[in-house]
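Letter by letter, the chains look like this.
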Amino acid sequence: MRKIYPANCVSNKMPVDAARNEILEAFLRENADRSYDYFMWMDTDMMIRPNDVEKLIYYLDMHSDVDAVSALYVSKGSMINGKLKHHLVAFTGKPSTQHMCGYEFWHIDLPERVVEPVEVHASGLGCMIIKASSLMEKFLANYGMGRRYFWFDEYSEDMNFCGLMKDAGMRL
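The written sequence of each chain sets the order in which its residues are numbered from 1. Predicted model: local features are reported for residues with pLDDT of at least 70 only, side-chain atom pairs are reported and counted for 80 or more only, and whole-chain, interface and lining totals are derived from all residues. Side-chain numbers come from the whole structure's heavy atoms, not from hydrogens or water.

Undergrad: What is the right way to look at the packing of aromatic side chains in this model?
TA: Pairs of aromatic rings are described using the distance from one ring centre to the other and the angle between the two planes. Between rings of Phe, Tyr and Trp, where Trp is taken as its six-membered ring, a pair exists when centres lie within 6.5 Å; planes separated by under 30 degrees are stacked, by over 60 edge-to-face, and by other angles tilted. Under the counting rule described, the total for this entry stands at eight aromatic pairs. Consider the rings of F139 and Y143, whose centres lie 5.0 Å apart with planes at 55 degrees: the pair is tilted. Pair noted here: F139 and Y143 are both in helix α3 (residues 132–143), with a separation of four residues, about one helical turn. One exposure class covers both F139 and Y143, and it is buried. Helix and strand definitions here come from DSSP, where helices need a minimum of 4 consecutive H or I residues and strands a minimum of 2 consecutive E residues; each element is numbered from the N-terminal end. Think of it in three bands: with a 1.4 Å probe and only protein chains considered, a residue is buried below 20% of the maximum accessible area for its type, exposed above 50%, and partly exposed in between.

As structure tokens, this is what we get:
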């Protein structure tokens, strides 16, 4: 049976970047014995179907070269009259001054279902599953403990974290 580390909320009064840092540090310490298979971010404002998490884990299991997967990330304002109009799919990694957070991104009209995953530079962490082994062997080996993994600047905290994962050789 697979074991998933749940990224629990530490405090609703703590800034999100500090809370994410604390959660990740706790995981890195607790997983020193390699007892977890996956680390999962799940924000409280995400809407997912019951089997979405299983599908993401299955994709990771079937693709040994992929380190993290994210569900389609719903962009704010995408609900019109109670119906989803489009998703923020992902950041492509192509720099752009015309788009969100300095990176090009795609909005798509929703088909019945999206079937083809794409490799991205960054994605929101609202529903992301990361292989625990990748965090321990690539991320931790590259960055160590006791540093800021999340911060806000002209980019959001999740974009910056994804950039660190990519720089550590991880595939998203």
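After that view, the rundown keeps rolling.
Undergrad: Just to check I follow, could you spell out the environment of S133 for this structure?
TA: For S133, the position within the fold is in helix α3. By relative accessible area, S133 is classed as partly exposed at 33%. Measuring from C-alpha to C-alpha, the distance between S133 and D67 comes to 8.6 Å, with 66 residues separating the pair along the chain.

Undergrad: Hey, could you run me through helix α4 (residues 157–167) in this one?
TA: Each turn of an α-helix holds 3.6 residues, which means side chains three or four residues apart point in the same direction. Among the eleven residues in α4, nine count as buried, and that is most of the element. Along α4, the positions that sit buried rather than exposed are E157, D158, M159, N160, F161, C162, G163, L164 and M165. One or two positions beyond α4, positive phi appears at G169, with a value near 90 degrees.

Undergrad: I would appreciate a short explanation of helix α1 (residues 16–30) in the present structure.
TA: Between the first and last residue of a helix there are one fewer steps than residues, each counted as 1.5 Å, and that sum is the expected span. For α1, built from 15 residues, the straight-helix expectation of 21 Å at 1.5 Å per residue is met to within 8% by its first-to-last C-alpha distance of 21 Å. Of all the residues in α1, the buried ones are D17, A19, R20, N21, I23, L24, E25, A26, F27 and L28.

Undergrad: I tried to follow the nonpolar core on my own but got confused; where do I start?
TA: Soluble, globular proteins show a tendency: their nonpolar side chains are buried together. Buried Ala, Val, Leu, Ile, Met, Phe, Trp, Tyr and Cys residues form a nonpolar core when they are joined through side-chain atoms within 4.5 Å. Counting 32 residues, the largest nonpolar core has L24, F27, I130, L135, F139 and F161 as the members making the most contacts within it. Secondary-structure elements contributing two or more residues to this core are α1, β2 (38–42), β8 (127–131), α3 and α4. By residue number, the principal contributor to this core is α3, which donates six residues. Two residues form a contact once any of their heavy atoms are found within 4.5 Å. What L135 contacts, discounting residues up to four positions off in sequence, is L24, F27, L28, F39, I130, L140, F161 and M170. Ranked by size, the runner-up nonpolar core spans twelve residues in total, among them Y38, I57, V69 and C127.

Undergrad: Any chance you could explain the packing of α1 against α3 here in plain terms?
TA: To define axes, lines are fitted to C-alpha atoms, for helices over the stretch in contact only, and angles between the resulting N-to-C directions are given on a 0 to 180 degree scale. It is at 11 Å that the axes of α1 and α3 come closest, and there the two elements cross at 95 degrees. One way to sum up the angle between α1 and α3 is to call them roughly perpendicular. Between α1, through L24, F27 and L28, and α3, the contact on the second element is made entirely by A132, L135, M136, F139 and L140. Roughly parallel here means an angle under 35 degrees, roughly antiparallel means over 145, roughly perpendicular means 65 to 115, and every remaining angle is called oblique.

Undergrad: Explain the pattern of salt bridges here, please?
TA: Oppositely charged side chains are able to pair whenever their charged atoms sit close together. Throughout this description, the term salt bridge denotes a Lys or Arg side-chain nitrogen within 4 Å of a carboxyl oxygen of Asp or Glu. Per the counting criterion, the structure on display carries five salt bridges. Put simply, R20 and E157 hold a salt bridge, and the shortest N to O gap is 2.8 Å. Here the residue R20 occupies a position in helix α1, and E157 occupies one in helix α4, the gap between them amounting to 137 residues. You'll find R20 and E157 in the same group, each marked buried.

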